[in-house]
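Each chain, written out:
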Amino acid sequence: MKTNGKLAGAAGALSVLMAAGAAQAELKVGALMPMTGDLQAYGESSRNGVELAISEINDAGGVMGEPVVLEVSDTQTEPQAGVDAAQRLVSVQGVSAIVGALSSGVTIPVASSVSSVEGVPQISNASTSPVMTDLDDNDFLFRTTPSDAFQGVALASVAVENGVDSAAILYINNDYGEGLANAFADAFEAAGGKVVGSNGYEPGQASYRGDLSAVSDGESPLLLIGYPENGQTILRQALEGGYFSDFFFTDGMKSPVIVENLGAEFLNGSFGTAAEARADTDAAQHFRSAYEQAYGEVPPVPYIDTAYDAVYSIALAAVAADSTDPAAIRDHLRAINDPDGEIVGPGEFAEAVDRLEAGEPINYQGASGSVDFDANGDVGGTFAHWVIEDGEYRTLEIFEPSM
């Protein structure tokens, strides 16, 4: 059947209009957050970081004249729940990009079975497993926090600096825990330290006494790599059973909830590392001021500013692409960090948009530091050496580890 020329022309014009409308559709950002489960202590604060960025972007005019819309879904800190939540965000809510998940053990299956398959960019603000670097994700997986390949080196350096010459390791048995345990052990032993025992533990157990007994030598401190919910149980049983009295930690255990529930007298002097930006940059100072105005004091937990920067990156990439199409956003995530571009930061969204619309390159410098994605979607970064003093988390220094 032949088509009337006028009808064909009208159909063609309608297609163009529909395509233009699709290109200018509102930007929907999905947030995969652990509002329950083992990482619940980090869920609300990371969500605050996401919401703060969206609020600033919308106050500056939104993306292509439309307000950014947020869809939040709970991962429950469980791989299957995270995959299901991500699929709903993509298939039902129709998001153009995803921030999260937080746990590497959730982020990796989401990337493998949802974001890379559906073609939706995913930027984790907290997943640090080295496995992510070489994951077959069709270039749809990014992160705004450095890999544990760096944190392992950073923590080994801090441990040696604190006079630790031998250590036991207990790590959550997932990609995050195993990757970080291996990275630390390699760097620690290269620096002359000795690992007296190393075991993975399964979350959700009533007792971890067998795990503790297996790695304890009666005198070395325990490096606990895990999350607050189960981590508290492990620490309590370590103290009650006399397996350990001295501890050091990684980023996943930097939560005030642990000190509140166990007591400062048992944790004072404990130390650890976590990715943290230098506080003296304009971007970091803007973020802190804006967060305090919106929510009160910034809590001493990581990955709030990295969630904030993930949203800014998505929004700027959509502006650079002049589209909310997921693949187009993915294709412009690196373009907004042009080393030859004008430096723009948080709170300067309108200025960044003006430059992009004028065809000028920009170099987004985030609250968490440089958000310069490499070929694998990774970023570099700095780490905090922190210590618990009088029940409070205190940052002693922020440094960049040498690999």
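Residues numbered from 1 in each chain as written. Predicted model: local features only at pLDDT ≥ 70, side-chain atom pairs only at ≥ 80, totals over all residues. Heavy atoms only, no water.

So, on to the overall build of the protein chain. The number of helices and strands found in the protein chain is 14 helices and 15 strands. Relative to a compact globule of 403 residues, whose C-alpha radius of gyration would be 22 Å, the protein chain shows 23 Å and is just as compact. Split into buried and exposed, the 403 residues of the protein chain put 53% on the buried side. Looking at the protein chain as shown, the accessible area adds up to about 16200 Å², and 46% of this sits on carbon and sulfur atoms. Across the protein chain, the mean location of the 16 positive side-chain charges is 7 Å away from that of the 59 negative side-chain charges. (Helix = DSSP H or I, 4+ residues; strand = E, 2+ residues; numbered from the N terminus. Rg over C-alpha atoms; globule rule 2.2 N^0.38 Å. Buried < 20%, exposed > 50% of the residue type's maximum accessible area, 1.4 Å probe, protein only. Areas by Shrake-Rupley, 256 points an atom, 1.4 Å probe, with all protein chains shown as cover. Lys, Arg positive; Asp, Glu negative; His and termini not counted. Charge placed at Lys NZ, Arg CZ, Asp CG, Glu CD.)

Our focus in this paragraph is the packing of helix α12 (residues 304-321) against helix α14 (residues 349-357). Working note: a packed helix pair is described by the angle between its axes plus the distance between those axes. Between α12 and α14, the shortest axis-to-axis distance is 9 Å and the interhelical angle comes to 25 degrees. What the angle tells us is that α12 and α14 run roughly parallel. As for how α12 packs across α14, the hand of that crossing is right-handed. Residues Tyr312, Ala315, Leu316, Val319 and Ala320 of α12 touch α14, and the partners they reach there are Phe349, Ala352, Val353 and Leu356. (Axes fitted to C-alpha atoms, helices over the stretch in contact; angles between N-to-C directions. Parallel < 35°, antiparallel > 145°, perpendicular 65-115°, else oblique. Left-handed = near helix turned anticlockwise from the far one by under 90°. Contact = heavy atoms within 4.5 Å.)

Evaluated as defined, the whole model comprises eight salt bridges. Residues Glu240 and Arg209 are paired through a salt bridge, measuring 3.7 Å at the closest nitrogen-oxygen approach. Of this pair, Glu240 sits in helix α8 (residues 228-240) while Arg209 sits in helix α7 (residues 209-215), placing them 31 residues apart in sequence. Overall, Arg209 belongs to the partly exposed group, its relative accessible area being 36%. (Salt bridge = Lys/Arg side-chain N within 4 Å of Asp/Glu carboxyl O.)

With that settled, the discussion passes to unusual backbone geometry. The amide bond that connects Gly100 to the next residue, Ala101, takes the cis arrangement and shows omega of -5 degrees. Even without being glycine, Met64 reaches a positive phi, approximately 55 degrees. Mapped onto the fold, Met64 is located in the loop between α2 (40-59) and β2 (69-74). One non-glycine residue, Asp139, lies in positive phi territory at about 60 degrees. Mapping Asp139 onto the fold places it in the loop between β4 (122-124) and β5 (141-143). Residue Asp139 is classed as partly exposed on the basis of its relative accessible area of 25%.

Aromatic ring pairs are defined here through the distance separating the ring centres and the angle between the ring planes. Per the stated rule, a full pass over the model turns up 15 aromatic pairs. Members of the aromatic cluster, connected to one another through ring pairs, are Phe287, Tyr291, Tyr295, Tyr308, Tyr312, Phe349 and Tyr364. (Phe/Tyr/Trp six-rings, centres within 6.5 Å; stacked < 30°, edge-to-face > 60°.)

A separate point is the sheet that holds strand β7 (residues 194-201). Here we have seven strands laid out as an open sheet, ordered β7-β6-β8-β9-β10-β14-β15, and mixed in their pairing. The sheet terminates laterally at β7 and β15 (392-399), the two strands that pair on one side only. The sheet shows a mean angle of 20 degrees between the axes of neighbouring strands, direction not considered. As defined by bridge partners, strand β10 (residues 271-275) adjoins strand β14 (residues 383-389) across five bridges and the pair is classed as antiparallel. Paired with Thr273 across the bridge in β14 is His385. Sheet strands in contact with helix α6 (residues 175-190) are β6 (166-172), β7, β8 (222-225) and β9 (247-249), and its direction is about 165 degrees off that of β6. (Pairing = 2+ DSSP bridges.)

Take a negative patch on the surface next. Taken together, the side chains of Glu292, Glu297, Asp390 and Glu392 define an acidic patch exposed on the protein surface. For Glu297, the position within the fold is in the loop between α11 (282-295) and α12. (Patch = residues over 30% accessible without salt bridge, like charges linked within 9 Å, V, L, I, M, F, W, Y side chains within 5 Å.)

The element β6 is extensively covered by neighbouring structure, given that seven of its seven residues are classed as buried. Of the two faces of β6, both are covered, the one formed by Ser166, Ala168, Leu170 and Ile172 as well as the one formed by Ala167, Ile169 and Tyr171. Examined bridge by bridge, β6 and β7 share seven bridges and lie parallel to one another. What sits directly across from Ser166, in β7, is Lys194.

Let us now look at the environment of Asp305. Turning to its location among the elements, Asp305 is positioned in helix α12. Expressed as a C-alpha distance, the spacing of Asp305 and Val68, which sit 237 residues apart in the sequence, is 18 Å. Leaving out residues up to four positions away in the same chain, Asp305 has contacts with Ala277, Phe287, Ala367 and Ser368.

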